[in-house]
Amino acid sequence: MFTLDKWQQNYAQDVAKYANNKNIADKLRNAFPHPYMPEDAKNFITDCINRDGKDCITRAITVDGIAVGSIGVFLKDDVYCKSAELGYWLAEDFWGKGIMTQAIKQICALAFEAFDIVRIFAEPFADNRASIAVLEKCGFSREGRLIKSVWKNNKFHDSFIYALIKE
């Protein structure tokens, strides 16, 4: 159905096409731009390639060889050095098909194996019910609610902290 592949520049056109979606951008940090331009895709992929295995594991989510999303686990530092943050997005055409649930399980297993971490966390916006549901399906536990922690599209949003602890 899908694979997690190492990033390659030939995915840039796919990323520019599928990431240029306000419904996706509205659920993510402002570092994910809208509109999403071809140059944004090239820069993102270059960053993923250069950092992969050093302070993160990033993968393209591909279906039939086409990049339809991204997922990554990013190491934290200082007193958070045993933690990493999970981030992901998926093209709207592929929502609700179970892809992200399996992708999260796979990338978390890779991260726990590759890095000396005990905790992977995610911070979905509190109104992002789909993201919350997928995290819970993957065994993440809600640790707390952050009130008015996000300023997006000229309004405040709460966010949740979810974490998966290495057993």
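Residues numbered from 1 in each chain as written. Predicted model: local features only at pLDDT ≥ 70, side-chain atom pairs only at ≥ 80, totals over all residues. Heavy atoms only, no water.

Enquirer: Honestly, the overall build of the protein chain in this entry has me stumped. Any pointers?
Expert: In terms of regular secondary structure, the protein chain is built from 5 helices and 7 strands. In sequence order, the secondary structure elements of the protein chain are arranged as β-α-α-α-β-β-β-α-β-α-β-β. Taken over the C-alpha trace, the protein chain has a radius of gyration of 15 Å; the compact-globule value for 167 residues is 15 Å, and the two agree within 12%. In terms of overall dimensions, the protein chain has a C-alpha envelope of 40 × 35 × 30 Å along the principal axes. Per-residue burial for the protein chain yields a buried fraction of 47% across its 167 residues. Excluding contacts between residues fewer than 6 apart, the proportion of contacts in the protein chain whose partners are at least 24 apart in sequence is 62%. When the accessible surface of the protein chain is summed, it comes to about 9200 Å², and 51% of that surface belongs to carbon and sulfur atoms. The averaged location of the 22 negative side-chain charges in the protein chain is 4 Å from the averaged location of its 22 positive side-chain charges. (Helix = DSSP H or I, 4+ residues; strand = E, 2+ residues; numbered from the N terminus. Rg over C-alpha atoms; globule rule 2.2 N^0.38 Å. Buried < 20%, exposed > 50% of the residue type's maximum accessible area, 1.4 Å probe, protein only. Contact = heavy atoms within 4.5 Å. Areas by Shrake-Rupley, 256 points an atom, 1.4 Å probe, with all protein chains shown as cover. Lys, Arg positive; Asp, Glu negative; His and termini not counted. Charge placed at Lys NZ, Arg CZ, Asp CG, Glu CD.)

Enquirer: How do you make sense of the packing of aromatic side chains when you look at a structure like this?
Expert: To describe a pair of aromatic rings, one takes the distance between the centres and the angle between the planes. Overall, the coordinates contain 7 aromatic pairs when judged by the stated rule. A ring pair is formed by Phe 32 and Tyr 36, whose centres lie 5.0 Å apart and whose planes are at 45°; its orientation type is tilted. Of the two residues, Phe 32 and Tyr 36, both sit in the buried class. Grouped by ring-pair contacts, the aromatic residues Trp 7, Tyr 11 and Phe 44 constitute a single cluster. Directly above the aromatic system of Phe 160 lies the positively charged group of Arg 142, at a separation of 3.8 Å from the ring centroid. (Phe/Tyr/Trp six-rings, centres within 6.5 Å; stacked < 30°, edge-to-face > 60°. Lys NZ or Arg CZ within 6 Å of the ring centre and 35° of its normal.)

Enquirer: Got a minute to help me understand helix H3 (residues 38-51) in this structure?
Expert: In an α-helix there are 3.6 residues to a turn, and that puts residues three or four apart on one side. Its 14 residues place the ends of H3 20 Å apart at the C-alpha level, agreeing with the 20 Å of an ideal helix rising 1.5 Å per residue. Looking at H3, one finds that the buried residues are Ala 41, Ile 45 and Cys 48. Seen end-on, H3 carries its buried residues on one side only, within an arc spanning 60°. Here the buried face of H3 lies against helix H1 (12-19) and strand E2 (56-63). Within two residues after H3, Gly 53 carries a phi angle of roughly 85°, on the positive side. (Expected span 1.5 Å × (residues − 1). Arc of directions from axis to C-beta.)

Enquirer: Where do I start with the environment of Glu 136 in this structure?
Expert: Note that Glu 136 resides in helix H5 (residues 129-137). Here Glu 136 falls in the partly exposed class, since its relative accessible area comes to 42%. Setting aside chain neighbours within four positions, we find Glu 136 in contact with Arg 142 and Tyr 162.

Enquirer: Please clarify how the sheet that holds E2 should be interpreted in this entry.
Expert: Sheet strands line up and pair through hydrogen bonds in the backbone, either parallel or antiparallel. The 7 strands lie next to each other as E1-E2-E3-E4-E5-E7-E6, forming an open sheet whose pairing is mixed. Every other strand in the sheet has two partners, leaving strand E1 (3-5) and strand E6 (141-152) as the edge strands with one partner each. The average angle at which neighbouring strand axes cross in this sheet is 30°, direction not considered. With 8 bridges joining them, E2 and strand E3 (residues 66-75) adopt antiparallel strand pairing. When the sheet's bridge partners are listed, Ile 61 is paired in E3 with Gly 69. Running at roughly 150° to E2, helix H4 (residues 99-114) makes contact with E1, E2, E3, strand E4 (83-90), strand E5 (119-122) and strand E7 (155-165) of the sheet. (Pairing = 2+ DSSP bridges. Axes fitted to C-alpha atoms, helices over the stretch in contact; angles between N-to-C directions.)

Enquirer: For this particular structure, what's the right way to read the packing of H1 against H3?
Expert: Helix packing for two helices is described by the angle between their axes and how far apart those axes are. Axis separation between H1 and H3 bottoms out at 8 Å; the angle between their running directions is 120°. Classed by the angle they form, the pair H1 and H3 counts as oblique. H1 and H3 meet at a crossing whose hand is right-handed. Where H1 abuts H3, its residues Ala 12, Val 15 and Ala 16 lie against Pro 38, Ala 41, Lys 42 and Ile 45. Its residues assigned to classes, the contact of H1 with H3 shows 6 nonpolar, no polar and 1 charged. (Parallel < 35°, antiparallel > 145°, perpendicular 65-115°, else oblique. Left-handed = near helix turned anticlockwise from the far one by under 90°. Nonpolar A, V, L, I, M, F, W, Y, C, P; charged D, E, K, R; others polar.)

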